[in-house]
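Residue-level structure breakdown
Spelled out, the chains give:
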Amino acid sequence: MSMQIPHYQEQARRTSAQAQVSPDEAIQGMRSSQAEMRSAIDGGAWRTTRWHESFTDSFVEEVRDARVFVDVGAELGFYSYLALKHMPDDGRIICVEADPIRCELLREFFAREPRVEIVNIAAHNATSKLMLTKPVGCSATSADVEGAKFAVKAATLDHIIGNAQVDVIKIDIEGAEAHAFEGLQQTLQRGRARIFLEMHSWVDDIYPGGKALIEALLKSSGYAIQNLDSANSRDCAGLLQGGRFLLTPPRAAQAGAAQQSLISIVIPALNGAEFIERTLISILRQGYVDLEVIVVDGGSSDRTKEIVSRYPEVHLIEAQGKGYVQALRCGLEAARGSVIGIQHCDDYYAPGAVREAAEILGRYPEAGLVTAKRVVLAPGSKEAGRTPDGRSRWIDFWDLIEGVATPFHESTFVRRELIQEVGGLNPDLEYNALLDLWLRILSRWPGVWVNRLWGFRQVQAKSRRHTAYEQIAKDTARSFELWLESLHPDSREEFGDRIRACAQFRQADFSYLAGSRSKARDLLEQALELYPALIGNPSCERLAQELALDKSVLAAGSQRPGHDQLVTATRAVDGIELGLKEIADPSPTWYARP
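A quick note: this is a predicted structure, and the numbers were derived from the prediction, not measured. Each chain carries its own residue numbering, running from 1 in the direction its sequence is written. Local features are withheld for residues below a pLDDT of 70 in this predicted model, meaning they are given only at 70 or higher, and side-chain atom pairs are given and counted only at 80 or more; totals for whole chains, interfaces and linings count all residues. Hydrogens and waters are ignored; side-chain quantities use all the structure's heavy atoms.

It is worth spelling out the side chain of Gln185 at this point. Relative to the elements of secondary structure, Gln185 occurs in helix α8 (residues 185–190). For Gln185, the contacting residues outside a window of four places in its chain are Asp158, Leu217, Arg285 and Gly287. Think of it this way: any DSSP run of H or I at least four residues long counts as a helix, any run of E at least two long counts as a strand, and we number them from the N terminus. Any two residues whose heavy atoms approach within 4.5 Å are treated as being in contact.

Next up on the list: unusual backbone geometry. A positive phi angle, near 60 degrees, is found at Ser381, a position not held by glycine. Relative to the helices and strands, Ser381 resides in the loop between β16 (369–378) and β17 (382–386). Note on exposure labels: buried denotes an accessible area under 20% of the residue type's maximum, exposed denotes more than 50%, and partly exposed covers the range between, all computed with a 1.4 Å probe on protein chains only. Ser381 sits in the partly exposed class, given a relative accessible area of 33%. Look at Ala548: it is not a glycine, yet its phi comes out positive at around 55 degrees.

Axis lines are fitted through C-alpha atoms, for helices just across the contact stretch, and the angle between N-to-C directions can take any value from 0 to 180 degrees. At their nearest, the axes of helix α22 (residues 517–530) and helix α23 (residues 538–546) sit 10 Å apart, and the two run at 135 degrees to each other. By the angle between their directions, the pair α22 and α23 is classed as oblique. For the crossing formed where α22 meets α23, the hand is left-handed. Residues Arg517, Leu524 and Leu528 of α22 form the contact with α23, whose participating residues are Cys540, Leu543, Ala544 and Glu546. Geometric relationships in this document are graded by angle, where less than 35 degrees denotes roughly parallel, more than 145 denotes roughly antiparallel, 65 to 115 denotes roughly perpendicular, and other angles denote oblique. Should the near helix be turned anticlockwise from the far one by less than a right angle, the crossing is left-handed, and should it be turned clockwise, the crossing is right-handed.

Here we take up the packing of aromatic side chains. Within 6.5 Å between ring centres, the rings of Phe, Tyr and Trp (the latter by its six-membered ring) count as paired, and their orientation is classed by plane angle as stacked under 30 degrees, edge-to-face over 60, tilted in between. The final tally for this structure, using the stated rule, is 14 aromatic pairs. Ring centres of Tyr348 and Phe456 lie 4.6 Å apart, and the angle between their planes is 5 degrees; this geometry places the pair in the stacked category. Of the two residues, Tyr348 is situated in strand β15 (residues 348–349) and Phe456 in strand β20 (residues 447–458); the sequence distance between them amounts to 108 residues. According to the relative accessible area criterion, Tyr348 is buried, its value standing at 17%. Taking 5.4 Å as the distance between ring centres and 25 degrees as the angle between the ring planes, the aromatic pair formed by Tyr349 and Phe413 counts as stacked. Here Phe413 lies in strand β19 (residues 412–415) and Tyr349 lies in strand β15, a separation of 64 residues in the sequence. Here Tyr349 matches Phe413 in class, with each residue buried. Aromatic rings pair up to connect Phe59, Phe69, Phe78, Tyr79 and Phe196 into one cluster. Sitting over the ring of Phe408, Arg374 keeps its end group 3.5 Å from the ring centre. Any Lys NZ or Arg CZ found within 6 Å of a ring centre and within 35 degrees of that ring's normal is scored as a charge over the ring.

This is how it looks when you write it as structure tokens:
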């Protein structure tokens with residue numbers, strides 16, 4: 001149920017008892033403080049202990065050349081007014097303030113200043129609504145002071161800032177800094193804004209581990225921390241004691257951000273209101289600067305489009321009635337990135353997945369795609385399974401068709417030009433178009449499988465794509481058949497039985513998931529009769545054990561070489577030799593900023 005924000009006069013009335021003044025006296029007192037502040041700044045007497053001399057000295061120097069300043073926790077507008085006096089004439093100021101009383105006073109104070117925008121939002125780590133407590137006359141939201149509770153909209157600073165090229169940010173939000181920084185990751189990765197931070201000692205009480213989180217985010221983004229409270233203003237090792245800091249992005253971080261490749265995430269959606277915000281947040285918090293997010297809505301009748309519209313950085317395309325594959329094709333045609341990620345509206349990414357994928361594709365230009373582990377979540381978001389650990393390595397088409405290493409969309413990133421080069425998605429394979437795409441790409445370029453967790457797949461009780469296993473099995477067989485037909489006749493003759501056996505094995509696997517044990521058993525027996533060595537595939541062996549296949553069938557297959565030996569010994573299909581060249585397991589240094 002939506003919570004109404006009371007008018008600020010009503011807030012003053014409810015909390016005046018705490019300040020032991022009348023509502024009018026409380027508001028008038030704040031107006032007097034604003035007038036005193038204006039007089040001090042206009043007269044050049046702003047360098048006072050009340051407003052932290054070293055902090056304001058440094059602040060004024062930084063905003064002289066700033067084009068955009070964001071004042072987070074603007075209160076009565078001291079730093080916004082100070083910036084207004086020292087910024088260039090075309091400078092823009094965004095005041096972010098959670099307290100509706102102060103927002104009204106800020107609007108009065110800056111009524112004749114078109115360059116100042118007042119935003120009544122709490123800087124948080126998600127788009128939501130919060131219930132805060134703050135008495136009039138108290139600048140903090142404090143657990144130690146009783147007062148009226150009021151509802152306020154909350155959003156991430158990345159959402160508030162959007163694509164604006166922010167030069168300076170000031171953050172003073174009375175202990176909620178960790179929430180704000182968790183929602184500032186995209187801005188940090190841009191490596192552009194200088195940040196003035198007042199860190200409060202009770203941050204960890206509000207957000208356990210909050211200070212360590214902020215330090216980790218700053219370190220990963222290349223920011224230097226300078227303590228403005230110390231006499232000599234030397235760099236300090238951390239933020240644990242609280243205080244006032246200047247956070248500076250090094251030039252190297254700015255250069256590194258400029259060199260990133262644009263990555264596009266395409267999300268086909270239909271009635272995805274239950275989960276799509278989780279999906280979007282997982283993408284927008286990746287901390288990757290050059291990111292394009294495209295949602296293609298197939299005609300949702302729920303709140304999907306309303307939720308997407310909360311995020312101006314997300315591009316919404318309407319494709320009503322076009323079906324899943326056609327909607328996805330629309331998104332791919334609109335995408336501008338050199339790398340594509342495809343995410344469904346109920347699935348989501350693990351932190352750092354996009355950045356790590358970009359690092360790997362940059363390191364291995366010969367790779368057509370990169371894929372990693374995923375976790376499957378049952379209804380209720382309880383873990384139902386996950387990809388087992390393994391060695392990071394090259395993968396090829398044999399890995400895919402035999403089920404040894406299947407790229408799943410939740411954790412796969414592919415080069416866009418290769419999608420175009422192999423002809424894009426096949427609209428006739430509605431239920432398994434992506435597996436068909438991965439097959440055609442891996443038959444021409446190697447891929448990389450990484451021993452990292454990148455994606456989460458949410459299984460819903462009533463989901464078309466999780467219940468139509470028989471149709472998925474048919475589409476898989478058709479995909480393998482089409483690929484086999486595209487090969488050179490000599491290759492078809494040499495590898496035809498093996499590929500057809502793999503198709504039957506995959507059909508058996510999906511039939512088993514659909515509950516058709518007898519059909520799955522027949523298909524698997526046919527596959528092993530056609531190509532007994534398939535039992536060397538661990539996935540095939542597990543399915544055979546589940547279906548209690550005859551031991552003589554398993555024994556016949558076990559006498560043939562295992563999967564790794566087969567792939568290593570197999571000569572190229574149509575001139576493509578991929579092999580099983582190993583890739584070292586990724587270490588943290590893979591993903592560290594140079």
